[in-house]
Amino acid sequence: MNRFKVSKFRHTEARPPRRETWISDIRAGTVPSCGNHIKASCSLIAFNSDRPGVLGIVPLEGQGEDKRHVAHLGCHSDLVTDLDFSPFDDFLLATASADRTMKLWRLPAPGRALPSEPGLVLGPEDVQVEVLQFHPTADGVLVSAAGKTVKVWDAAKQQPLTELAAHGDLVQGATWSRDGALVGTTCKDKQLRIFDPRAKPEASQSTWAHENSRDGRLVWTGIQEHLVSTGFNKMHEREVKLWDTRLFSSACTSLTLDTSPRSLMPLLDPDSRLLVLAGKGDSQLYCYEVAPEQPALSPVTQCLLESVLQGVALVPRRALAVMGCEVLRVLQLSDTAVVPISYHVPRKAVEFHEDLFPDTAGCVPASDPHAWWAGSNQQVQRVSLHPACRPHPSFTSHLVPPAEPTPEEAQPTETPVGDADPSEGFSSPPSWLTSPSTPSSLGPSLSSTSGISTSPSQRSLQSLLGPSSKFRHAQGTVLHRDSHITNLKGLNLTTPGESDGFCANWQRVAMPLLSSGGQVAVLELRKPGRLPDTALPTLQNGAAVTDLAWDPFDPHHLAVAGEDARIRLWRVPPEGLEEVLTMPEAVLTGHTEKIYSLRFHPLAADVLASSSYDLTIRIWDLKAGAERLRLQGHRDQIFGLAWSPDGRQLATVCKDGHLRIYEPRGSPEPLQEGPGPEGARGARIVWVCDGHCLLVSGFDSRSERQLLLYSAEALASGPLAVLGLDVAPSTLLPSYDPDTRLVLLTGKGDTRVFLYELLPEAPFFLECNSFTSPDPHKGFILLPKTECDVREVEFARCLRLRQTSLEPVTFRLPRVRKEFFQDDVFPDTAVSWEPVLSAEAWLGGANGQPRLLSLQPPDMTPVSQAPREGPARRALSSALYLEEKSDQQKKEELLSAMVAKLGNRVDPLPQDSFEGVDEDEWD
């Protein structure tokens, strides 16, 4: 006889759902936090959307065959890091955010408008809140973790009941035991701690959990003495451990899964003791049965997913289809859908199986915060899952009382999932925003300059989803092969990260070659086609090229920086480079270490700024061939520098984690300093919003690429907003168009170009359609505005460098009335190819403004002056007529149509009229 008990879940199977059951066509997003990004009650699902601080809210169950509608709740001014539904009130939602606050929301029933203000606000904390969880037995008690601090809150009083002893590092998880008496925490210091918050703030027990400090998680089993933790070992392998608090020095048992950088999110059902393990970015779910008595973690089943997992949640047990033997339901959050995955135990009889579905915790709390804090350990009354015992008693928390419906709320405001217009605030995949000054509710849409009014329905939708960019439908297209330059050979694709890799103006492009001697090839954009197989004429620098830049006021003048700390100035013949040049026009010397960035002044001729490993920035007078100014104050490598649009200031981003703004003619020391990106892998900086803001692309502490927007007047106060994009090794290279306020972002080796419209006020970033290429590009550069075809509403033209070719990429905006000049898209542009000042005048203190030029062709009328067209009358669909008829009428009409098509059966057949032969003719 087998001494081990046979599990009743050994035949459990995970059934992939039909696509009809998916909540599809959503735009979900995740943030680098300790949360699971999606939660469910018995009535609703809440998940992180791709708009920062905004959650998607959708009913758990669909109504008949109708599609479920997703509404969007603007709840925080920063990233939503964690969320949780009350275990007693299906419509009470708690959210935590990087804006350092926690909020409680009373969600309405489906079909009513979401609230614009929270019911309660807890905090603010000193740092962003990472973890938030409701108490399992007492209504109004929560635990939160922010930085090294864990607090237990009385939500009704909006005050903490206690603050647990400080941890040694960032708290990654905080979880209540099932009876609500203990709190378990995981920390980046690799310690697993158990607290009894009502007894003392210090940990009652602690032990070493996992050998790696990466993201650790914790869940309690149905037995108070046992809990499960997930983390990484020294070999970066993901592992799971089962702990007994009575023997806490070592784990009861452990399990090693695989080697992966993605952290595991454990989901444990206390009644069935089934443990689901899901990794962010994985395409597989693992299911184990936790057996503390043996102890063991027994594998049950695995489920392959159709899409990459971004978040995961368990549906409460009271919402399961018990008559179908559904023992678990997992909600998978992907980029574009919420996928319900059901776990079933095959049984022959269609009946209620008490062995699979024991009584579970009900939805009436056992105590209130005062009673619990006084020592009450009363447990929640358990209820039967048998359909005959339903409905269960309901409970409505008094923390946030339900609001009476207003006339406005009587109208549905949700966005249909299947029929949603992606233009209304949503475009590309996920992105996250941090904006400390953004209001909690999404503001109204920004006014357009096109003179075209917005319908009331559009305004109501925009007020719900927030403002959207008029460039949200931008389409990026690679131009025809006839305009490509192909057969490129020997390109140097290993230029420093501070360099764009190549440079271009409206006439020609310069790119470094891999051959020795620092050779630079110069190609004419007006001569596309296949290059010859023979060697090209080049510029011989004599040292490896680190950066290069064209003079904006002289299309034949090229500056090249080398590893020998010299800047060489070359003059390319007007007809193009036809022979090898070995002698530059001038050589600038002064730096003592390798140079890695060159930037020409935007208004003054013959003024060039360079940065070097000697930690200085030098400003040169090219006409005199001499250094005029030297800027100091950097303590580490200078990642990037940028002139302000008026040429008065210079901004830098440095590896020491600081941004600096200089007034070069005033002082060699920085005028302002402020905090920069947390990561030290690389960064870029550019002036935006008419010089009022600075945009920095860099990395956070988790190596996620992000954008930071600063006010140029208050650099020390930190960023106005932070936008997280993705995890990739290359630094994002920003190309900014001041006319449209659009920034194009991509990295070397990327296949995607992000587009955002930038605003100096909330919501700061408006996402537009991104451009995706089938293969990675080695560089991406924005050409001057005069290269755009305004008749085709082309607002940007770029050059994309591939391994062996150079391709022009055009970005156009779909417009119906293209016969008119789109003056809302093409304002007057600066004449950037004509200098305003000489180097001598600028160095002497003079300032100026560039001349503006209209892009309107003489034969086109501005769209703002075009006559307004009346709405076209549309014929009503036949479906509208059918909707007014009953099902019986539809059947009768369908049957009549079929009979009419087949014809009358009493009519003679064609062969009946044929003449036959006499019988005697057969003889």
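Each value, and the rule that gives it
Residues numbered from 1 in each chain as written. Predicted model: local features only at pLDDT ≥ 70, side-chain atom pairs only at ≥ 80, totals over all residues. Heavy atoms only, no water. UniProt positions renumbered as here; feature names shortened; annotations may be inferred. Phe/Tyr/Trp six-rings, centres within 6.5 Å; stacked < 30°, edge-to-face > 60°. Lys NZ or Arg CZ within 6 Å of the ring centre and 35° of its normal. Helix = DSSP H or I, 4+ residues; strand = E, 2+ residues; numbered from the N terminus. Polar contact = N/O pair within 3.5 Å; in protein donor to acceptor, adjacent residues only side chain to side chain. Pairing = 2+ DSSP bridges. Axes fitted to C-alpha atoms, helices over the stretch in contact; angles between N-to-C directions. Core = buried A, V, L, I, M, F, W, Y, C linked by side-chain atoms within 4.5 Å. Buried < 20%, exposed > 50% of the residue type's maximum accessible area, 1.4 Å probe, protein only. Disulfide = S-S within 2.5 Å.

- As annotated in an unreviewed UniProt entry, the protein carries the name Coronin and comes from Tursiops truncatus.
- The UniProt entry for the protein carries the following comment under Sequence similarities (unreviewed entry): "Belongs to the WD repeat coronin family."

## Things to note about the packing of aromatic side chains
Working step 1: Counted according to the given criterion, the structure contains 12 aromatic pairs.
Working step 2: Clustering of aromatic rings is evident, with ring pairs tying together Phe471, Phe771, Phe795 and Phe811.
Working step 3: One Lys or Arg, Arg214, reaches over the ring of Phe232 and ends 4.8 Å from the middle of that ring.

## With respect to the environment of Arg15
Working step 1: With respect to the helices and strands, Arg15 occurs in strand E1 (residues 13-15).
Working step 2: In this structure the side chain of Arg15 is engaged in a polar contact, spanning 3.1 Å, whose partner is the side chain of Glu13.

## Quick look at the sheet that holds strand E7 (residues 80-85)
Working step 1: Reading across the sheet, the 4 strands line up as E7-E8-E9-E10 and stay open at both edges, with antiparallel pairing between neighbours. With one partner strand each, in any of the chains shown, E7 and strand E10 (120-122) form the two edges of the open sheet. On average, each strand axis in the sheet is inclined to that of its neighbour by 20°, with strand direction left out of account.
Working step 2: By the bridge criterion, 5 bridges tie E7 to strand E8 (residues 92-97) in an arrangement that is antiparallel. Residue pairing in the sheet places Leu83 in a bridge with Thr95 of E8.

## With respect to the nonpolar core
Working step 1: Residues Val276, Leu285, Val327, Ile341 and Tyr343 are the most contacted members of the largest nonpolar core, which totals 29 residues.
Working step 2: Contributions of two or more residues to this core are made by strand E23 (264-269), strand E24 (274-279), strand E25 (284-291), strand E26 (296-304), strand E28 (326-333) and strand E29 (337-344).
Working step 3: Per element, the largest residue contribution to this core is 4 residues, and it comes from E29.
Working step 4: If you look at the next biggest cluster of nonpolar residues, it comprises 22 residues, including Leu742, Cys768, Phe780 and Ala796.

## Section: the UniProt feature "repeat: WD" (unreviewed entry) in the protein
Working step 1: As annotated in UniProt, the feature "repeat: WD" (unreviewed entry) corresponds to residues 73-107, 588-630 and 631-663 in the numbering used here.
Working step 2: The straight-line gap between the two end C-alpha atoms of residues 73-107 is 9 Å; of that span, 0% is helix and 54% is strand.
Working step 3: Helix makes up 0% of residues 631-663 and strand 52%. Its end C-alpha atoms lie 9 Å apart.

## What to know about the sheet that holds strand E41 (residues 545-550)
Working step 1: Read from one edge to the other, the open sheet built from 4 strands follows the order E41-E42-E43-E44, with strand pairing classed as antiparallel. Only two strands of the sheet have a single neighbouring strand rather than two, namely E41 and strand E44 (586-589). Geometrically, the sheet is characterised by an average inter-axis angle of 20° between neighbouring strands, direction not taken into account.
Working step 2: Inspection of the sheet shows strand E42 (residues 557-562) paired to strand E43 (residues 566-571) by 5 bridges, in the antiparallel sense. Note on E43: the bridge partner recorded for Val560 is Arg568.

## Some details on the state of the cysteines
Working step 1: Overall, the coordinates contain 0 disulfides when judged by the stated rule.
Working step 2: We note that Cys287 lacks a disulfide partner, and the nearest cysteine sulfur, in Cys303, lies 9.9 Å from it.
Working step 3: The class for Cys287 is buried, based on a relative accessible area of 1%.

## Brief notes about the pairing of strand E13 (residues 149-154)
Working step 1: Within E13, 5 of the 6 residues are buried, leaving the element largely enclosed by the surrounding structure.
Working step 2: In the sheet, strand E12 (residues 141-146) pairs with E13 via 6 bridges, with the strands oriented antiparallel. Bridge pairing in E13 places Val143 opposite Val152.
Working step 3: Once E12 ends, the chain turns through 2 residues before running back antiparallel as E13, passing Gly147 with a positive phi of about 65°.
Working step 4: Bridging between E13 and strand E14 (residues 159-163) involves 4 bridges; their strand directions are antiparallel. Paired with Val152 across the strands is Thr162, a residue of E14.
Working step 5: Connecting E13 to the antiparallel partner E14 that follows it, the hairpin turn spans 4 residues, and Gln158 within it adopts a positive phi of roughly 55°.

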